[in-house]
Amino acid sequence: MNTRDTLYVKDGNLYIGEFMATELAKRFGTPLYVMDARYIAEVCDAFVAAVSRGGEGAVAFANKAFATLATARLAAAHGLWFDVVSGGELCLMQRAGADMKKVLFHGNNKTPKEIDEGLAAGIGFFVVDSLNELELLDEKAKKLGIRQDVLVRVNPGVSAHTYEAVVTAAPYSKFGFDVHTDAEEVIADIASRKGLVFRGLHVHIGSQIYDHSSYDQAIDVTVAFMKKLAGKGIVTDILDMGGGYGIYYTDEDPKFTPKRYAYTVESVARRVREKAAENGLKQPFVIVEPGRSIVGEAGVTLYTVGAIKDFPGVRKYVAVDGGMFDNPRYALYESKYSAVIANKADKPADEKVTIAGKCCESGDLIGKDIPLQHAETGDILAVFSTGAYNYSMASNYNLNAIPPVVMVDGDRADYIVKPQTYDDLLRNNTVPEWMN
Ligand code: LLP
């Protein structure tokens with residue numbers, strides 16, 4: 001547990017903001033996602049300050065980590081930009097009242113409909129990722145009589161030290177144009193088009209990365225590429241270095257504070273500026289695009305313990321009322337988590353348990369070998385660092401309802417996503433007339 005002033009243990013109980021976790025579970029039910037607004041705000045402020053130290057820049061929140069109206073409003077109020085990767089996320093931005101000029105549209109295969117929607121919304125930047133997109137975007141922009149600002153996603157061919165499913169910039173990736181092969185030609189092509197304006201480059205090397213050297217390498221390769229472009233008279237106004245900063249999940253990971261995370265942002269921005277200066281280039285506007293590090297540790301999932309099955313000497317299952325439908329990350333990546341029994345949080349975590357979900361699959365686990373206090377049926381289990389890629393990747397598998405989300409801000413707690421009802425689950429079901 002990475003404690004802080006809004007996540008702590010007092011008199012044997014886990015607290016989030018000013019609320020006892022068990023109190024939240026009682027008031028809102030379980031399973032329940034709880035998000036800590038103060039933590040999100042603190043990270044946003046620290047990141048914005050860090051990227052602007054020594055030059056111009058912006059922090060774009062990667063909606064894919066946790067996309068809700070409330071977090072969009074919160075992040076915008078703290079000066080953040082946003083990245084979107086679908087028509088749905090774009091619509092969220094519009095409904096949240098975000099400044100569309102501060103929105104970047106990513107995606108390796110944006111559909112024609114999404115391109116239309118982005119153009120109609122007056123989005124700030126399309127991050128072009130394929131030749132198909134380039135053609136389509138140019139054609140559509142010309143029809144509308146506009147010139148659309150674009151960044152080009154480039155692949156510097158650098159391997160980030162993290163798990164394979166989230167590496168995005170190794171050679172032969174599905175993302176971007178390779179700086180060593182096709183990127184230059186594509187950018188020269190954009191520069192000659194009437195519907196598009198080349199504004200800069202985008203790089204995202206992967207996710208859950210602690211190792212700085214991966215960022216440094218990516219920056220060095222990308223700035224060298226900017227120099228090559230400059231030699232052809234093409235100016236890179238903006239360099240977006242993506243996100244990917246690793247967070248605390250278990251005691252195997254560093255326990256960082258928002259300030260320490262911000263140091264990573266600062267050092268990415270600083271290296272870009274140093275390398276640009278060394279190469280005699282115009283200082284680019286630096287964008288970073290974190291998702292996980294803004295919302296990940298802000299989230300705690302609360303469950304009620306149900307069935308317990310002990311196989312002495314093998315493993316002990318503690319089953320909860322959630323599972324892979326609210327957190328598919330173990331099933332997908334064998335991700336690790338830490339947890340406590342919220343009502344016994346000061347007791348020794350002297351058992352190692354497998355936390356099982358309630359879905360009809362053996363692989364439906366929240367995690368294996370998790371140190372935990374002695375669990376009993378009816379206890380409230382809190383799993384930490386579930387703010388990123390849990391709610392956003394949740395599903396209705398087995399027709400389980402996606403848990404509601406409650407935002408805690410000091411002594412206030414309210415839904416930001418309401419509970420799903422059975423009607424919600426069946427809302428789009430229909431039986432064709434010919435079946436009657
Ligand atoms: N920018 C781009 C273009 C991205 O593809 C991503 C993440 C980010 C920014 C934000 O990365 P972050 O700061 O959140 O690491 N579902 C996986 C993570 C997939 C990340 C995809 N792209 C997980 O649960 O670990």
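Residues numbered from 1 in each chain as written. Predicted model: local features only at pLDDT ≥ 70, side-chain atom pairs only at ≥ 80, totals over all residues. Heavy atoms only, no water.

Caption draft 1: Local environment of the state of the cysteines. Following the criterion strictly, the structure yields zero disulfides and no others. Not part of a disulfide, C359 finds its nearest cysteine sulfur in C360, a span of 7.0 Å. Judged by its relative accessible area of 68%, C360 falls in the exposed class. (Disulfide = S-S within 2.5 Å. Buried < 20%, exposed > 50% of the residue type's maximum accessible area, 1.4 Å probe, protein only.)

Caption draft 2: Region of interest: the packing of helix α5 (residues 112–120) against helix α6 (residues 131–144). In contact at an axis separation of 10 Å, α5 and α6 are set at 45° when each is read in the N-to-C sense. By the angle between their directions, the pair α5 and α6 is classed as oblique. For the element pair α5 and α6, the recorded crossing hand is right-handed. For the pair α5 and α6, the contacting residues are P112, I115, D116 and L119 in the first and E133, L136, L137, K140, A141 and L144 in the second. By residue class, the composition of the contact of α5 with α6 is seven nonpolar, no polar and three charged. (Axes fitted to C-alpha atoms, helices over the stretch in contact; angles between N-to-C directions. Helix = DSSP H or I, 4+ residues; strand = E, 2+ residues; numbered from the N terminus. Parallel < 35°, antiparallel > 145°, perpendicular 65-115°, else oblique. Left-handed = near helix turned anticlockwise from the far one by under 90°. Contact = heavy atoms within 4.5 Å. Nonpolar A, V, L, I, M, F, W, Y, C, P; charged D, E, K, R; others polar.)

Caption draft 3: Up close: the side chain of D237. Counting through the fold element by element, D237 comes out in the loop between α8 (212–231) and β12 (238–240). Polar side-chain contacts of D237 include one of 2.7 Å to the side chain of K282. (Polar contact = N/O pair within 3.5 Å; in protein donor to acceptor, adjacent residues only side chain to side chain.)

Caption draft 4: Fine view of the pattern of salt bridges. Counted by the stated rule, this structure contains 27 salt bridges. D138 is the salt-bridge partner of K142, the closest N and O atoms lying 3.2 Å from each other. With a gap of four residues between them, K142 and D138 both fall in helix α6, about one helical turn apart. What makes D138 buried here is its relative accessible area of 3%. Between E266 and R270 there is a salt bridge, with its nearest N and O atoms 3.5 Å apart. Pair noted here: E266 and R270 are both in helix α9 (residues 258–278), with a separation of four residues, about one helical turn. Overall, E266 belongs to the buried group, its relative accessible area being 18%. (Salt bridge = Lys/Arg side-chain N within 4 Å of Asp/Glu carboxyl O.)

Caption draft 5: Molecular detail of the domain arrangement of the protein chain. Each domain of the protein chain was delimited in the assignment, giving domain 1 (7–30 + 299–426) and domain 2 (37–295). Measuring from the centre of the C-alpha atoms in domain 1 to the corresponding centre in domain 2 gives 32 Å. The junction of domain 1 with domain 2 conceals about 1,800 Å² of combined surface from both sides, 59% of it contributed by carbon and sulfur atoms. The interface formed by domain 1 and domain 2 includes two salt bridges. E252 serves as the salt-bridge partner of K336, at 3.4 Å between the closest nitrogen and oxygen. (Domains from an automatic or database assignment. Buried area = accessible area lost by both parts, 1.4 Å probe.)

Caption draft 6: View of the side chain of R153. Structurally, the position occupied by R153 is in strand β9 (residues 148–155). Buried charge without a salt bridge: R153, with D129 as the nearest opposite-charge side chain at an N-O distance of 4.4 Å. Here the side chain of R153 touches H204 through a polar contact of 3.3 Å, landing on its backbone oxygen. (Lys, Arg positive; Asp, Glu negative; His and termini not counted.)

Caption draft 7: Molecular detail of the sheet that holds strand β2 (residues 13–16). The three strands are arranged β1-β2-β3 in an open sheet whose pairing can be described as antiparallel. On the outer flanks of this sheet lie β1 (7–10) and β3 (19–20), each paired with one strand and no other. When β2 meets β3, the two strands line up antiparallel, connected through two bridges. Bridge pairing links Y15 to M20 in β3. (Pairing = 2+ DSSP bridges.)

Caption draft 8: Examining the pairing of β2 more closely. Burial along β2 is two-sided: the residues N13 and Y15 and L14 and I16 are all buried. Here β1 runs beside β2; their pairing, made up of four bridges, is antiparallel. Directly across from V9, in β2, lies its bridge partner L14. Between β1 and the antiparallel strand that follows it, β2, lie two residues; D11 among them carries a positive phi value of about 50°. If you look at the hairpin formed by β2 and β3, you'll find two residues sitting between the two strands, and G17 has a positive phi there, around 60°.

Caption draft 9: The packing of aromatic side chains, seen in detail. If you walk through the whole model with that rule in mind, you get 12 aromatic pairs. Ring centres 6.4 Å apart and planes at 85° place the aromatic pair F47 and Y245 in the edge-to-face group. Placement of the pair is F47 in helix α2 (residues 37–52) and Y245 in the loop between β12 and α9, with a sequence separation of 198 residues. Comparing F47 with Y245 shows no difference in burial state: the two are buried. Site record: aromatic cluster; members linked through ring pairs are Y33, F66 and Y391. Positioned above the aromatic ring of Y39, the side-chain terminus of R4 is 4.1 Å from the ring centre. Its end group placed over the ring of Y15, K10 keeps NZ or CZ at 4.9 Å from the ring centre. (Phe/Tyr/Trp six-rings, centres within 6.5 Å; stacked < 30°, edge-to-face > 60°. Lys NZ or Arg CZ within 6 Å of the ring centre and 35° of its normal.)

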